[in-house]
Amino acid sequence: MAALRNFIMVFSLHKLIMRKPLLLFITVFIVSFSWAGRISGKITDNQGKPLPFASVLVKGTTKGTTANNEGNYFLELDPGKYVIAAQYVGYDRIEKNITVSLSAETLNFQLSLQQLSLKEVVVRPGGEDPAYEIIRNAIRKRPSYENPLDSFTCEAYIKTLIKTRKLPTRIFGQKIEQDDKKDMGVDSAGKGIVYLSESLTRIAFKKPGKTKLEVLSGRESGSNGYGFNFPTFINFYSNNVVVFTSQLNPRGFVSPIADGALNFYRYRYLGSFFEDGKEINQIRVTAKRKFEPVFSGIINITDGDWRIHSLDLLVTKDAQLEIMDSLTIKQIHVPVSADVWQTKDQVILFTFKKFGIEATGNFLNVYNKYDINPGFRKKYFNNVVVQYDTTVNKKGKEYWDSIRPVQLEPEEANDYKVKDSVYEAGHDSAFSKRNIDSLKKKQGRITIKKVFWSGFNRSNFDPIAPTTVSWQPLLRNVQYNTVEGVVARLSLTVTKTLPKWKEQLSITPQLRYGFSNTHFNPQLQVSLSKRAFSYDSEGGSSSRRTLSLFGGKRVSQFNRDNPITPLMNGLYTLLARKNYMK
């Protein structure tokens, strides 16, 4: 209907526009932007407390959004009549009718705690909780839901926020100065946002295992970076659930509906509720034993077809979580066709406490515009797995305000405003001759101490093709072994960026001399490296591809695994008279 109205309007004004070119521009502007109406509001509980990251959905579509941490949301829709649904795990879903016009509309939601009903259940011998039979049904259906689509496309909006609650005065013995805190964007107590980014990525998938990401836009507060733009689908239909990366748990975590889940979990049936005429069973899951890689929390399973409706699960160090202290994962699934459900919203909340640093943050993914019957052009899936739009990091504030499905929180909006302004001011002057001369001067003089003990780095701070020189200290490179005796090594690395090829060239000459065998061993290494990106079902990662050429003479261990370091071998040789290095 909106497209038809646009056509009629343009056609009827054709003659007038042809006579007045200025009116042409104004009319195109109005036609392009005036047919969307904005709905905004707040989602709270009965006490008026905000429900962070509550889900908002336009009923009958896959279009929707997610509230921010303060429960605020907005939606832009063409004029017409809609049913808007708000939901939050553990609360009753509410639907409201609204007629959207060109003026802004306010639509608030107040959700109540779910009143679960306990239906009549068949109690098995031994008094087994009815949750176990529901879970057995879900386990039987799991394989058919793990990868239900042969192909699909969708768009993922990703917002990443990391903020500190506390910083120590020193890290690894290095004092954190107030200027360093200011550069990080935190206050004197160490509190503040240290990383904020958002991005929009189009995802394309085709069996078996073909994936392509087109990063449409990305921004990072206080820089011209692309932000974090690798969507993370956490698939609880997989037996082994990988969260972000295997570094958080090399074994992964056992899904509550994995084939062997009954060996790891206890289940308790809390009751059921109805949504769109479908009964949904709410089940609490807990670990049978401590220190097993499992989740705890709530999982909601639909009755009859036994699929995941939503979940709110926690994993901690007691479940072998590494690096982080805790991870909370919230998901809401919606139907994208009569028989297929997909993830609509996913929020990952984390806490971190290590080395005196306390931090929290979240990774918010909102998936929209699902197309389960895409037509891919020939050779669409090629060696390019991640493709960046040429203007990926060139979009302005107006663009982000128009496409962002989740309202920024006040501290996030302020972080962008302050840090982007500082970056622009610094960027404009960073490459001036005066500033470059100041940076060069700040590197200090090359002293005897730097040559022999601490080493040094030097850069020309060229804005296009910078060159850096790194010197390895002489005394720290002194070795001892039974073949060469005392060994002196001189090592220097020159690195230059080649912007035309987007490569980095490194040249490392090395001179080695053994005072006992009086052998002089010169060596030269030339390396050409380039950063590359990859993406698979477990998430995205970056790597550096390097081509290296060696020439000259070198001394190395016979065992290529280098089981002992030169320093350790030297100590054993001199103090214990045992030589392990061959």
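Please read all numbers here as calculations on a predicted model, not as lab measurements.

Caption draft 1: View of the overall build of the protein. Helix and strand counts for the protein stand at ten helices and 30 strands. When burial is assessed residue by residue, the protein has 42% of its 582 residues classed as buried. Sequence-distant contacts, at least 24 apart, represent 57% of the contacts inside the protein between residues at least 6 apart. Of the accessible surface of the protein, which amounts to about 32500 Å², a share of 56% is contributed by carbon and sulfur atoms.

Caption draft 2: Region of interest: the sheet that holds strand β18 (residues 296-302). One open sheet accounts for eleven strands, arranged β16-β17-β18-β19-β20-β21-β22-β9-β12-β13-β23; its pairing is mixed. Strand pairing shows two members of the sheet lacking a second neighbour, β16 (265-275) and β23 (386-388), which therefore form its edges. Mean inter-strand twist for the sheet, computed between neighbouring axes without regard to direction, equals 20°. Docked against the sheet, helix α4 (residues 131-146) engages β16, β17 (278-287) and β18, running at close to 85° with respect to β16.

Caption draft 3: Spotlight on empty space enclosed by the protein. Applying the stated rule across the entire model yields four cavities of 30 Å³ or more. Reported here for the largest cavity is a volume of approximately 100 Å³. Together, Phe53, Ala54, Ser55, Gln87, Tyr88, Val89, Lys330, Gln331, Ile332, Asp345, Gln346 and Val347 line the largest cavity. Secondary-structure elements contributing two or more residues to the lining of the largest cavity are β20 (326-335) and β21 (341-354). Across the lining of the largest cavity, the residue classes break down as six nonpolar, four polar and two charged. Empty space within the second largest cavity amounts to approximately 60 Å³. Lining the second largest cavity are 14 residues, with Gln87, Tyr88, Gln114, His309 and Ser310 sitting closest to its centre. Elements supplying a minimum of two residues to the lining of the second largest cavity: β16 and β19 (308-316).

Caption draft 4: Main features of the packing of aromatic side chains. The full count for this structure, using the stated rule, is 20 aromatic pairs. On the basis of an interplanar angle of 35° and a centroid distance of 5.9 Å, the ring pair of Tyr265 and Tyr267 is categorised as tilted. For the residue pair Tyr265 and Tyr267, the accessibility class agrees, reading buried in each case. Judged by centre distance (5.2 Å) and plane angle (15°), the ring pair of Phe376 and Tyr380 falls under stacked. Within the aromatic cluster, the residues linked to one another by ring pairs are Phe152, Phe205, Phe233, Tyr367 and Tyr370. The ring of Tyr380 is capped by Lys212, whose NZ or CZ atom sits 4.6 Å from the centre of that ring. Lying over the aromatic face of Trp453, Arg476 brings its terminal NZ or CZ to 4.4 Å of the ring centre.

Caption draft 5: Layout of the environment of Met581. By secondary structure assignment, the location of Met581 is in the segment after α10 (566-576). Met581 gets classed as buried once you look at its relative accessible area, which sits at 18%. Residues Met581 and Asn559, 22 residues apart in the sequence, show an inter-C-alpha distance of 8.8 Å. In this structure Met581 touches Gln557, Ile564, Thr565, Pro566 and Asn569, once residues within four positions along its chain are discounted.

Caption draft 6: Region of the structure containing a nonpolar patch on the surface. Together, Ile448, Phe452, Trp453, Leu475, Val478, Val486 and Phe515 make up an exposed nonpolar region whose accessible area comes to about 700 Å². Note on placement: Val478 falls in the loop between β25 (467-471) and β26 (479-481). Since its relative accessible area comes to 43%, Val478 is described here as partly exposed.

Caption draft 7: Spatial organisation of the confidence of the model for the protein. Averaged over all residues, the pLDDT of the protein is 83; the fraction at 70 or higher stands at 87%. In the model, residues 1-34 has pLDDT below 50 throughout and makes 13 contacts with residues more than four positions away in sequence or in other chains. Between residues 535-540, whose pLDDT stays under 50, and residues either more than four places distant or in other chains, the model counts 15 contacts.

Caption draft 8: Structural view of α4. Taking 1.5 Å of rise per residue, the 16 residues of α4 would be expected to cover 22 Å, and the 21 Å separating its terminal C-alpha atoms lies within 8% of that figure. Of all bends in α4, the biggest is about 40°, found at Arg140, and the proline Pro143 comes one to four residues later. Residues of α4 that are buried include every one of Ala131, Tyr132, Ile134, Ile135, Asn137, Ala138, Ile139, Arg142 and Tyr145, and no others. The secondary structure elements touched by the buried residues of α4 are β16, β17 and β18.

Caption draft 9: Up close: α10. Residues of α10 that are buried: Asn569, Gly570 and Thr573. Along the axis of α10, the buried residues cluster in a sector spanning 100°; they form a single face. α10 presents Leu567 and Leu575 as exposed residues on the side facing more than 90 degrees away from its buried surface. The inward-facing, buried residues of α10 abut β26. Between the side-chain oxygen at the start of α10 and the backbone nitrogen of Met568 there is a gap of 3.2 Å, and the oxygen is on Thr565.

Caption draft 10: Structural view of the sheet that holds strand β3 (residues 64-66). Strand order in the open sheet formed by four strands is β3-β2-β5-β6, with antiparallel pairing between adjacent strands. The outermost strands of the open sheet, each flanked by one partner alone, are β3 and β6 (94-100). Taking the axes of each pair of neighbouring strands and ignoring which way they run, one obtains an average angle of 20° across the sheet. Two strands pair when backbone bridges link them, and strand β2 (residues 55-58) and β3 are joined in this way by three bridges, in the antiparallel orientation. Each bridged residue has a counterpart across the sheet, and for Ser55 the counterpart in β3 is Thr66.

Caption draft 11: Region of interest: the environment of Tyr370. Mapped onto the secondary structure, Tyr370 falls in strand β22 (residues 357-371). A polar atom in the side chain of Tyr370 sits 2.7 Å from the backbone oxygen of Thr343.

Caption draft 12: Seen up close, the nonpolar core. Counting residues in hydrophobic clusters, the biggest one holds 45 residues, and the most contacted among them are Phe236, Tyr267 and Phe295. With residues near it in sequence (within four places) discarded, Tyr267 still touches Asp129, Ala131, Tyr132, Ile135, Pro256, Ala261, Leu262, Ile283, Arg284 and Val285. With 19 residues, the next largest nonpolar core counts Ile43, Val56, Leu77 and Leu111 among its residues.

So, how was this worked out
- Residues numbered from 1 in each chain as written.
- Predicted model: local features only at pLDDT ≥ 70, side-chain atom pairs only at ≥ 80, totals over all residues.
- Heavy atoms only, no water.
- Helix = DSSP H or I, 4+ residues; strand = E, 2+ residues; numbered from the N terminus.
- Buried < 20%, exposed > 50% of the residue type's maximum accessible area, 1.4 Å probe, protein only.
- Contact = heavy atoms within 4.5 Å.
- Areas by Shrake-Rupley, 256 points an atom, 1.4 Å probe, with all protein chains shown as cover.
- Pairing = 2+ DSSP bridges.
- Axes fitted to C-alpha atoms, helices over the stretch in contact; angles between N-to-C directions.
- 1 Å grid on protein atoms, 1.4 Å probe; cavity = no way out; pocket = protein on both sides within 12 Å on 5 of 7 lines; lining within 4 Å.
- Points joined across faces, edges and corners; volume = space filled by probe spheres on them.
- Nonpolar A, V, L, I, M, F, W, Y, C, P; charged D, E, K, R; others polar.
- Phe/Tyr/Trp six-rings, centres within 6.5 Å; stacked < 30°, edge-to-face > 60°.
- Lys NZ or Arg CZ within 6 Å of the ring centre and 35° of its normal.
- Patch = residues over 30% accessible without salt bridge, like charges linked within 9 Å, V, L, I, M, F, W, Y side chains within 5 Å.
- Salt bridge = Lys/Arg side-chain N within 4 Å of Asp/Glu carboxyl O.
- pLDDT = per-residue confidence, 0-100.
- Expected span 1.5 Å × (residues − 1).
- Bend = angle between axes of the 7 residues up to and from the residue.
- Arc of directions from axis to C-beta.
- Polar contact = N/O pair within 3.5 Å; in protein donor to acceptor, adjacent residues only side chain to side chain.
- Core = buried A, V, L, I, M, F, W, Y, C linked by side-chain atoms within 4.5 Å.

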